[in-house]
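One-letter residues, chain by chain:
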Amino acid sequence: QVQLVESGGGLVQAGGSLRLSCAASGSIFSINTMAWYRQAPGKQRELVASTTGGITNYVDSVKGRFTISRENAKNTVHLQMNSLKPEDTAIYYCNAQGRLTMFRGPFDSWGKGTQVTVSS
């Protein structure tokens with residue numbers, strides 16, 4: 001009922017930048033939280049950054065390098081990633097939590113992911 005589509009992944013050299021975007025669509029009444037997670041090969045999925053009511057949160061390893069921003073009118077969230085490191089290589093997933101239209105309750109939706117590869 002809610003679809004998330006990520007874009008902006010790719011291959012970049014260490015020290016470079018990428019900007020990820022995620023657009024939510026469907027039966028959305030409101031979105032409370034939008035977030036980015038990542039999963040590297042052989043590792044568990046981890047929360048990278050989130051934004052809720054204007055409050056942002058980052059995992060320690062990306063603080064000062066990544067910035068999450070949201071366009072509420074477009075149900076879109078971005079992740080600006082600067083000073084990328086090889087250890088940032090992972091599949092990045094968008095997540096959104098909110099409420100559906102017509103009083104159908106909450107939703108917690110995921111995108112299919114976008115690959116980010118940082119070469120040394």
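Right above here is the structure, for reference.
Per chain, the residues get numbers from 1 upward, laid out in the order the sequence is written. Given that the model is predicted, a residue must reach a pLDDT of at least 70 before its local features are reported, and side-chain atom pairs must reach 80 or more before they are shown or counted; all residues, however, enter totals for whole chains, interfaces and linings. Note that water and hydrogens are dropped before the side-chain values are worked out from all heavy atoms of the structure.

> So what about unusual backbone geometry? Which residues, and what values?
At Ser-83, a position not held by glycine, the phi torsion is positive, near 50°. The partly exposed category is assigned to Ser-83, whose relative accessible area is 42%. Throughout, exposure labels follow a simple rule: accessible area from a 1.4 Å probe, protein chains only, divided by the maximum for the residue type, with under 20% read as buried, over 50% as exposed, and the rest as partly exposed.

> Residues and numbers for the state of the cysteines, please.
Note on terminology: a disulfide is the covalent bond linking the sulfur atoms of two cysteines. Any pair of cysteine sulfurs within 2.5 Å is marked as a disulfide. Considering all chains together, one arrives at one disulfide under this definition. Between the sulfur atoms of Cys-22 and its disulfide mate Cys-94 the distance is 2.1 Å. Handedness of the Cys-22-Cys-94 disulfide follows from its S-S torsion of about -85°: it is left-handed. Residue Cys-22 is found in strand β3 (residues 18-26), and its partner Cys-94 is found in strand β9 (residues 90-100); the two are separated by 72 residues along the sequence. One exposure class covers both Cys-22 and Cys-94, and it is buried. Under the scheme used here, helices are H or I runs from DSSP no shorter than 4 residues and strands are E runs no shorter than 2 residues, and both carry numbers assigned from the N terminus.

No statement about biological role is implied by the geometric values presented.
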